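Chain by chain, the residues run as shown.
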Amino acid sequence: MLKIYDCIATAHDLRLVLLAGVVCALSSYAAVGLLRHARNSIGATRSIWLAVSATTIGFGTWATHFIGMLAFSPNVPTGYNVTLTVLSLVAVIVLTGVGLAIAAHAKSRVGMAVGGVVIGGGVAAMHYTGMAAYEIAGTVVWDVALVAVSIALGAMLGAAALPVGLKNSTETWKINGALLLTAAICSHHFTAMAAVTILPDPRIVVSETAIPSTWIAIGVGIASFTIILLALAGLALDLRERRRSDLEGDRMKGLANAAVEGLLICDGNDIVTVNDSFGQLIACETSHLVGASVEECFVDPAIWDLLKAHPNKALESTLRRQDGKQVPVELILRPIDFGGRVHHVVAVRDLQARKRNEEHIRFLALHDGLTELPNRTFLNTRMDEEISLAQSRGEKFAVLCLDLDRFKEINDLFGHLAGDNVLKTVANRVKAVLTERQIMARLGGDEFAILMPSLSSPSEAGRLADTVIAALRVNGGTPETNTISSSVGIALYPDDGTDKQTLLTHADTALYRAKSDERGSYRFFEAKMGAEVRDRRFLEHDLRHALARNELRLVYQPQKNLQTGQITGFEALLRWEHPTRGDVSPAIFIPIAEESDVILAIGQWVLNEACREAAGWSKPLTIAVNVSAVQLYQARFVQTLHQTLIETGLSPHLLELEITETALIRDFTRALHTLRGVKALGVRIAMDDFGTGYSSLSNLRAFPFDRIKIDRSFVKSVHTNDQAAAIVRAVLGLGRGLNLTVLAEGVETADELNFLRNELCDDVQGFFIGRPGAIETFSDRPLESCDLEVTLRNAS
């Protein structure tokens, strides 16, 4: 390094050294600019620009060398061989032209670097050919090590110069590339000159044909002038190209900003421009993205290669925002002609909304839309997982099935919106008492299932069932949510089944048993339950078709006034003759009908038939019809009753509706409103089975009853149980006090009849008076006999 410094500082004219550096820098800048134009051109135009660029850098390198030689003062006669001098110029133009062509056609930085190495070789060839042309009155001795260093410096700096100068279209990179190319040429020249040692020898004479330094100076001047002209031409072209690029860029950017999707245009791996939509998507100013590598914008570094390998194909990836967040996107790459050369435009579509929608669709596919609970599909999948897990670990788990007691009545009374509110309340209350691994699923309607993994003992499942029942029983909120109660059935894996379908079926079977035994309770599955539940379901199925098959009929039981001995009316009683089972007890099929919607159709049929029958009697007798709570709470019950009376022609005061007290307590206000509407029609109302329910005196005062019916369980015990006799006397006294007639049911003996007569009971009904039967079985229709007691007994 010291030798090189001494060579420059002591053996050269520094003014000419500075001039050589300026000429070299101008030619390098012009060459890089012209090479850019060559890369952006195609066909013959590219070749022309390459030739011009090669001429520029060739003349610049040649001029730099010979200005440097003019600055060198050996103090002995010198000259230049004409042939070798010209050959040095041709060599540098040709070799640098090859290097520039390689760089212009290169698709990668490695190719550009190879072109730079070739240019460095051309500089070396020019320098040492020029030194061979140098004639001097002395002997030239070379330092081989410095010669190698000079060649290496030119090659390395040349390899770095072109990739930097061609990195992108900005002026900064162009200037940096020109400076590196200048450094490559100058470092090679002055290192090579430091490798020269001249030993003066008067015996050696410079040939007469050698070109004197004066002529070389003229040639260098011409070359320098040519370089300046080419540099100015390159600058003019660059300015024009920049204006054209700016106009094209503005137009392209305007079009790009009109797009809703994000767009970015890339030259190789470098971003040339982006639109505002992409800037907003990546949360960065668009100006900051120009010149950045496209791979920096995406989480997956391989996505850029995939896009180039599959143009016009949509690929999904993840965008890395400047704030660190990640955005799912869809990318489509297409090649375009931008600025006279091939670029890549990438459309970037934001997938956040679509991903949210897809996630919502997946959620809806596995969850109930109303309660947001998992649905049957989700539960089946989880049960399969739990079965596999339990098998591998030797564990147990429980499946709990539950539904809401009298949920249909809630819909009928308060409407379906209220029913939906109840279902959501149930979901929230139960989820609040479940652990993280326990899940509740809605199977449909008011049917739910709970999966309880990792069961240590059956009692755990029982405690959970108690907790769920208690949580649902909590009062608070709207009237409909205050009436929630539930029954629960429990099946255990693997005791009650080893597959999901069996477990759900057995839990459902246990649920039916719980509802039959005691509502608001839970039952574990037992093997004997299966047959009972299946039988009950078959019975319910047949009951739904009983009306259409004419299997239902009415029988009538007479009601007698004890004071006059006259029959005052009949109670219509429903019977079902099953085609294979025979007569099915009302105690069996009526509860089944009330638990389903069958009771509405059957109840209306009974009302129509009883009114039609009574309307045809020649003697006006009362017809009593039982009305279920489900019927009573129908919104249009009063209107339907009125329509029935009109269609059958029955006088309203001859119809008596029998209602149990338990039917009144579910919704006091609604029941009172309905019964007042019934009373307004002129229809009589009787409280049935008094004494077996709540027997509230406030109900007798609040509701418009015309009659009280004492339950048969008290009548049959009046001679064996003093308390029963006292209750009957109390009810009879209560009826007289409230001006209500009292009818005693279930009179089966003469002693019972005499007791009631002695206690001044108004009316009686029972087997002793007459068994239920078809109306035709009663003689002397329309029942005008005076001594009806004997007549009716004989008829029965």
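Here the residue index of a chain counts from 1 through its sequence in written order. Owing to the predicted nature of the model, reporting of local features is limited to residues with pLDDT of at least 70; listing and counting of side-chain atom pairs is limited to 80 or more, with chain, interface and lining totals taken over all residues. Hydrogen atoms and water are omitted, and side-chain values are computed over all heavy atoms in the structure.

Another point: the overall build of the protein. Looking only at helices and strands, one finds 28 helices and 23 strands in the protein. Each residue is assigned to one of three classes by its accessible area relative to the maximum for its type, calculated with a 1.4 Å probe on protein chains only: buried under 20%, partly exposed between the two thresholds, exposed over 50%. Within the protein, the proportion of its 796 residues that are buried is 48%. Any two residues whose heavy atoms approach within 4.5 Å at even a single point are treated as in contact. In the protein, 68% of the contacts between residues at least 6 apart in sequence involve partners at least 24 apart. Split by element, the accessible area of the protein, about 36,600 Å² in all, is 57% carbon and sulfur. A run of DSSP states H or I qualifies as a helix once it reaches four residues; a run of E qualifies as a strand once it reaches two. Both are numbered from the N-terminal end. For the area figures, the Shrake-Rupley method with a 1.4 Å probe applies, and any residue is considered shielded solely by the protein chains shown.

What the 5 strands build is an open sheet, ordered β11-β12-β10-β13-β14; its pairing is mixed. At either margin of the open sheet sits one strand with a lone partner, and together these are β11 (439-444) and β14 (522-524). Within the sheet, the average angular offset between the axes of one strand and its neighbour, ignoring direction, is 25°. Pairing between two strands is assigned when DSSP locates at least 2 bridges connecting them. The sheet contact formed by strand β10 (residues 396-404) and strand β12 (residues 447-455) spans 7 bridges and is antiparallel. Along β12, the bridge assignment pairs Leu400 with Ile450. Note on method: axes are straight lines fitted to C-alpha atoms, helices fitted across the in-contact stretch only, with angles between N-to-C directions ranging 0 to 180 degrees.

With respect to the helices, strands and loops of the structure, His367 is situated in the loop between α12 (352-366) and α13 (376-393). Not counting residues up to four positions away in its chain, the partners in contact with His367 are Glu372, Leu373, Pro374, Asn375 and Phe378.

Glancing now at helix α27 (residues 750-758). At 3.6 residues per turn, the α-helix brings residues three or four places apart onto the same side. Burial in α27 covers these residues: Glu752, Leu753, Phe755 and Leu756. Seen from one end, α27 has its buried residues packed into an arc of 160°, which puts them on one side. Within two residues after α27, Leu760 carries a phi angle of roughly 65°, on the positive side. To be clear, the arc concerns the directions from the helix axis to the C-beta atoms.

Our focus in this paragraph is the pattern of salt bridges. Counted as salt bridges are all cases of a side-chain nitrogen of Lys or Arg within 4 Å of a carboxyl oxygen of Asp or Glu. Counted under the stated rule, the structure contains 27 salt bridges. We note a salt bridge from Arg109 to Asp270, for which the minimum N-O separation is 3.3 Å. Of this pair, Arg109 sits in helix α5 (residues 109-133) while Asp270 sits in strand β6 (residues 270-274); the two residues are 161 residues apart in sequence, bridging distant segments of the chain. The partner of Arg442 in a salt bridge is Asp368, with the nearest N and O atoms 3.1 Å apart. One end of the pair, Arg442, is in strand β11; the other, Asp368, is in the loop between α12 and α13, and 74 residues separate them in sequence. Exposure class is identical for Arg442 and Asp368. Each is buried. It is possible to trace a salt-bridge network through shared partners that takes in Glu261, Glu316, Glu330, Arg349, Arg354, Lys355 and Glu358.

Right, let's talk about a nonpolar patch on the surface for a bit. A cluster of nonpolar side chains, contributed by Val86, Leu87, Val90, Val94 and Val98, occupies part of the molecular surface with about 400 Å² of accessible area. With respect to the helices and strands, Val98 occurs in helix α4 (residues 82-105). Of the residues examined, Val98 reaches a relative accessible area of 40% and is grouped as partly exposed. Each patch is built from residues that are more than 30% exposed by relative accessible area and take part in no salt bridge. Like charges join if they lie within 9 Å; nonpolar side chains (Val, Leu, Ile, Met, Phe, Trp, Tyr) join within 5 Å.

Keep in mind these numbers describe shape, not what the thing actually does.
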